Amino acid sequence: MSSSLPLVALSLIGIGTGNPDHLTRQAIAAMNAADLLLLPHKGEDKAELAALRQALCDAVLQQPAPQTAGFDMPERRSQGDDYLNQVDEWHAAITLRWQAAIAQALENGLKPRADNGVLQVALLVWGDPSLYDSTLRIAARMQPAPQQVTVIAGITSMQALTAAHAIAVNDIGQPFTVTTGRQLREQGWPAGVDTLVVMLDGQCSFRSLPAAQARGVYIWWGAYLGMAQQCLAHGPLAETAERIVATRAAARAAHGWIMDIYLLRRMPLNPAPAEAAPAAPG
C-alpha cells in the first residue's frame, strides 16, 4: 500500500462462529458502511469456509453493497522451533496481502464514498478480534497506518461453547485460564486454576495430560459451534478423549476444515452424564 493511496479507516468486525444470528446490529451496520470488504481465501480444501463468509455477506448486505475483494492467505512456516519468528513472518505476509488487495480494488475503480475521501475497509473476524486473533496486530503493521481502527465486538467461541453445553465457564468465585493447545502440551496444566478453556488446538492436546491427572478432569468439547454441522461431546476426559479425537477427524475430513474449542475442569461439582453421540443444534 503506497503513500499515494487514500487514507484508510479499518473496521475489524467480530462475526461470531459462523451463524448469521451471531451478527450484532452494530456488525451489520459496519459491514454495510464499508467501501470494501476483504475476504481471505485459504485454499480449495477450505472452500466451504470461504463460502460461509460469503453467505454471511449475502444475508445482510444492502444495496448499494460494498465491494468485496478476496485475497489468498499465506501459509505459516511450521518448520523449526522459532514459533514467534514464524508468526511474525506470517503476519508481515498477511499485511502485504491486505495492502495489495486494497490497491487492486482502487485500480479497478473503487472510490471512497465518504466526502472526506477516507476509504472504509472492513475485515470479518471469526469470534471476537480481541481473543486469540491477530487481526489487530496485523492492522498495526499497515503502511501508511490506518487513520482509524474500529473494533466491533463479536460472540466468542468460548461463549458459544458454554452456551451450547449450558454450563458456566467458571465455578463460583473461581478463576479460569484461556490458553492454547500448544501451551497445554508444552507447559502442562497452569498452576492456580481448575478450569481451562483451550483454543487453537489441532492436535487434541488434552491427550498430553498424564493419565493420573486426566482421571480427575471433565471435558466439554464443541466444533462448528452454532452451525448446522455443530458437534458436541462431554464427559470424563479419560472416557471421552478418543471419541472426541475420532469425531473431530471425521468432521474435518468431511468439511475440509474445522474450528473447535473445549473446556477442561478438574473435579466438576455437578457434571452432566457423558453424551452417547455428538449433537447438532435443532
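Scroll up to find the structure.
Values in this document were obtained by computation on a predicted structure and should not be read as measured data.

Student: What is the right way to read the pattern of salt bridges from this model?
Tutor: Scanning the entire structure with this criterion turns up nine salt bridges. Glu89 is the salt-bridge partner of Arg77, the closest N and O atoms lying 3.1 Å from each other. Placement of the pair is Arg77 in the loop between strand E3 (67-72) and helix H3 (83-107) and Glu89 in helix H3, with a sequence separation of twelve residues. On the basis of relative accessible area, Arg77 is assigned to the partly exposed category, the value being 29%. Among the salt bridges present, the one from Arg182 reaches Glu186, with a minimum N-O distance of 3.4 Å. Here Arg182 and its partner Glu186 are both found in helix H6 (residues 181-187), four residues apart, which amounts to about one turn of the helix. In this structure, a network of salt bridges that share partners links the residues Arg77, Asp82 and Glu89.

Student: What exactly am I supposed to notice about the sheet that holds strand E4 (residues 119-125) here?
Tutor: Paired through backbone hydrogen bonds, the strands of a sheet run either parallel or antiparallel to each other. As summarised here, the arrangement of the five strands in space is E3-E2-E4-E1-E5, forming an open sheet in which the pairing is parallel. Whereas interior strands pair on both sides, the edge strands pair on one side only; in this sheet they are E3 and strand E5 (148-152). Here the average twist between neighbouring strands, direction ignored, is 25 degrees. Across the sheet, helix H1 (residues 25-33) lies against strand E1 (8-14), strand E2 (36-41), E4 and E5, angled at about 145 degrees from E1, the strand it touches most.

So, how was this worked out
- Residues numbered from 1 in each chain as written.
- Predicted model: local features only at pLDDT ≥ 70, side-chain atom pairs only at ≥ 80, totals over all residues.
- Heavy atoms only, no water.
- Salt bridge = Lys/Arg side-chain N within 4 Å of Asp/Glu carboxyl O.
- Helix = DSSP H or I, 4+ residues; strand = E, 2+ residues; numbered from the N terminus.
- Buried < 20%, exposed > 50% of the residue type's maximum accessible area, 1.4 Å probe, protein only.
- Pairing = 2+ DSSP bridges.
- Axes fitted to C-alpha atoms, helices over the stretch in contact; angles between N-to-C directions.
- Contact = heavy atoms within 4.5 Å.

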